[in-house]
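# Breakdown of the fold
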Amino acid sequence: MSLRSKLPSTASVVVQSGDGRLSAPAAEKNAGPITKLVEEFAPDKGLALEIASGTGQHIVKLAVVKPNLNWQPSDIDPIRIASIETWCKDYNLANVRPPIILNATEIGWSSKFTSQKFIFLVNLFHLISEDEATILISEISAALAPGGRSIIYGPFKRNNKLTSAGDQTFHHSLIEADPQIGYKNDAWMTAKFKEEKLGLLKVVPMPANNLAFVCEKLGM
Ligand SMILES: C[S@@+](CC[C@H](N)C(=O)[O-])C[C@H]1O[C@@H](n2cnc3c(N)ncnc32)[C@H](O)[C@@H]1O
């Protein structure tokens with residue numbers, strides 16, 4: 001399983017500048033609410049992994065509000081890795097490691113990322129299949145230390161329904177490009193968390209009709 005090439009252009013809109021930096025208007029827009037969410041629910045210290053860091057616009061802000069978390073950005077795409085490097089160079093944060101390539105839907109990646117206190121993921125579940133999503137939740141759980149937390153943010157169905165016109169258009173454009181992908185249902189996510197020993201602490205409604213699942217690894 002690798003980077004999907006058949007996504008609609010709306011799946012990830014980015015602006016390029018000459019130095020490798022990418023800027024996503026959506027990432028800029030949701031950075032404030034996302035930062036507040038992490039400030040409230042993430043632990044204060046330990047290892048923190050961001051999956052699918054994208055441009056790198058989020059992690060530089062998160063590392064400021066959680067200065068004692070040791071942040072590891074990652075993405076599957078080398079072009080995104082170059083962008084994350086550029087953003088991180090500007091912010092010059094001592095608590096952010098150099099970004100690494102990580103395919104989060106590959107079985108077994110958690111063995112290289114054990115004892116994480118926090119795993120953060122924004123806007124990936126709708127871009128992968130249910131089988132890949134199952135692997136991803138299982139690997140997140142395996143990578144977390146007992147009592148470690150994860151926040152998974154993105155667009156989801158509620159009670160199997162697409163709840164806005166924008167969500168209907170976006171979901172249908174995704175499944176037209178690739179019938180295996182598209183919005184996952186909230187109850188499906190909840191059932192997977194339970195199977196993988198992730199306690200669901202809270203589901204937080206976020207701007208633009210997104211949801212954030214806040215989970216904690218059981219077994220302290
Ligand atoms: C819509 S963007 C979201 C980026 C960022 N989290 C944000 O919200 O701005 C989706 C990101 O997921 C990455 N991605 C896609 N498939 C992946 C996979 N299997 N493992 C890790 N990252 C993946 C893409 O390269 C892209 O950076």
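Structure: above.
Notes on the structure follow. Quick caveat, the model's predicted, so the values are computed rather than measured.

### Here's the deal with the site of the ligand
Near the ligand lie 23 residues; those nearest to it are Ala-27, Ala-52, Gly-54, Asp-77 and Ala-104. Considering only residue class, the shell around the ligand consists of twelve nonpolar, eight polar and three charged.

### Section: the nonpolar core
Core analysis: the biggest nonpolar cluster contains 52 residues, and Ile-51, Ile-119 and Leu-121 have the highest contact counts within it. Residues in contact with Ile-119, not counting those within four places in the same chain, are Leu-49, Ile-51, Ile-140, Ala-143, Leu-144 and Ser-150.

### Quick notes on helix α1 (residues 25–41)
It helps to recall that an α-helix has 3.6 residues per turn; residues three or four apart then point in one direction. With 17 residues, α1 extends 25 Å from end C-alpha to end C-alpha; this agrees with the ideal 24 Å at 1.5 Å per step. A bend of about 50 degrees at Ala-31 is the largest found in α1, and the proline Pro-33 appears one to four places after it. Restricting attention to buried positions, one finds in α1 the residues Ala-27, Asn-30, Ile-34, Leu-37 and Val-38. Where the residues of α1 are buried, they touch α2 (59–65), β6 (116–122), β7 (144–154), β8 (198–206) and β9 (210–217).

### Description of helix α4 (residues 130–143)
Over its 14 residues, α4 runs 20 Å from end to end, which matches the ideal 20 Å to within 8%, given 1.5 Å per residue. For α4, the set of buried residues is Glu-132, Ala-133, Leu-136, Ile-137, Glu-139, Ile-140, Ser-141 and Ala-143. Along its buried surface, α4 packs onto β3 (46–51), β6, β7, α6 (186–195), β8 and β9.

Rules behind the numbers
Residues numbered from 1 in each chain as written. Predicted model: local features only at pLDDT ≥ 70, side-chain atom pairs only at ≥ 80, totals over all residues. Near = placed C-beta within 6 Å. Nonpolar A, V, L, I, M, F, W, Y, C, P; charged D, E, K, R; others polar. Core = buried A, V, L, I, M, F, W, Y, C linked by C-beta atoms within 7 Å. Buried ≥ 20, exposed ≤ 12 C-beta atoms within 10 Å, placed from the backbone. Contact = placed C-beta atoms within 7 Å. Helix = DSSP H or I, 4+ residues; strand = E, 2+ residues; numbered from the N terminus. Expected span 1.5 Å × (residues − 1). Bend = angle between axes of the 7 residues up to and from the residue.

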